[in-house]
Amino acid sequence: PPPPSLYHPGATGFLLGPRRQCKKMFHPTRRVACIIYLVLLIAVFGCAVGGVPFGVVIVLFICQFCAATWYALSYIPYGRKMVTGCFKDKCGCKS
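Residues numbered from 1 in each chain as written. Predicted model: local features only at pLDDT ≥ 70, side-chain atom pairs only at ≥ 80, totals over all residues. Heavy atoms only, no water.

The name given to the chain in an unreviewed UniProt entry is Vesicle transport protein, and the organism recorded there is Tetraparma gracilis. What the UniProt record of the chain gives under Sequence similarities (unreviewed entry) is the line "Belongs to the SFT2 family." As its UniProt record puts it under Function (unreviewed entry), the chain is described as follows: "May be involved in fusion of retrograde transport vesicles derived from an endocytic compartment with the Golgi complex." (UniProt positions renumbered as here; feature names shortened; annotations may be inferred.)

This is the structure:
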C-alpha cells in the first residue's frame with residue numbers, strides 16, 4: 001500500500017478535483033510550504049526505500065511533519081500567526 005502521507009493530497013484531490021486542489025495547494029500564501037512538503041515527502045519515501053540509515057529517515061520525517069503542519073495551518077485563519085506567537089512567548093522572544 002502507499003505511504004499514509006500520500007493519502008491526504010490524494011483524498012482532498014478526489015473531493016475537490018485535481019485542478020482545484022492544485023490551485024489551493026499553490027496559492028501564494030502556502031506555495032513555499034507546499035513545495036517543501038512535497039519535496040520532503042518524496043525524499044522520505046526515496047530514502048526509506050533506498051536503504052539510507054534509519055536516523056536520516058527519521059530526521060527527514062520530522063521535517064516533513066513540520067512542513068505538513070505549517071501547510072495545514074495556512075488553511076486556518078491566523079493559524080500560522082497564532083503558532084508563531086506561542087513559540088515566541090515560550091522562547092521569551094518579544095518583538
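Trainee: Please clarify how the packing of aromatic side chains should be interpreted in this entry.
Mentor: When we look at a pair of aromatic rings, we describe it by the centre distance and by the angle of the planes. Scanning the entire structure with this criterion turns up two aromatic pairs. Here Tyr71 and Tyr75 contribute two aromatic rings whose centre-to-centre distance is 5.5 Å and whose plane-to-plane angle is 85 degrees, an arrangement assigned as edge-to-face. Residue Tyr75 is classed as partly exposed on the basis of its relative accessible area, which comes to 37%. Cluster of aromatic residues (ring-pair linked, three or more members): Tyr37, Tyr71 and Tyr75. Its end group placed over the ring of Tyr75, Arg30 keeps NZ or CZ at 3.8 Å from the ring centre. (Phe/Tyr/Trp six-rings, centres within 6.5 Å; stacked < 30°, edge-to-face > 60°. Buried < 20%, exposed > 50% of the residue type's maximum accessible area, 1.4 Å probe, protein only. Lys NZ or Arg CZ within 6 Å of the ring centre and 35° of its normal.)

Trainee: In this structure, what is going on with the packing of helix α4 (residues 54–73) against helix α5 (residues 79–91)? I would like to understand it.
Mentor: Each pair of packed helices gets described by two things: the angle between the helix axes and the distance between those axes. Viewed as axis vectors pointing N to C, α4 and α5 meet at an angle of 125 degrees, and their least axial separation amounts to 7 Å. Comparing the axis directions of α4 and α5 gives the class oblique. Between α4 and α5, the residues in contact are Trp70, Tyr71 and Leu73 and Gly79, Arg80, Val83 and Thr84, respectively. A per-class count over the contact of α4 with α5 returns four nonpolar, two polar and one charged. (Axes fitted to C-alpha atoms, helices over the stretch in contact; angles between N-to-C directions. Helix = DSSP H or I, 4+ residues; strand = E, 2+ residues; numbered from the N terminus. Parallel < 35°, antiparallel > 145°, perpendicular 65-115°, else oblique. Contact = heavy atoms within 4.5 Å. Nonpolar A, V, L, I, M, F, W, Y, C, P; charged D, E, K, R; others polar.)

Trainee: Just checking my understanding: could you explain the nonpolar core for this structure?
Mentor: Formed by Tyr37, Leu40, Leu41, Val44, Cys47, Val57, Leu60 and Ala67, the largest nonpolar core amounts to eight residues. Going through the elements one at a time, α3 (31–50) and α4 are the ones with two or more residues in this core. When residues of this core are assigned to their parent elements, the largest contribution, five residues, is made by α3. Filtering out sequence-adjacent residues up to four positions away, Leu60 remains in contact with Leu40, Ala43, Val44 and Cys47. (Core = buried A, V, L, I, M, F, W, Y, C linked by side-chain atoms within 4.5 Å.)

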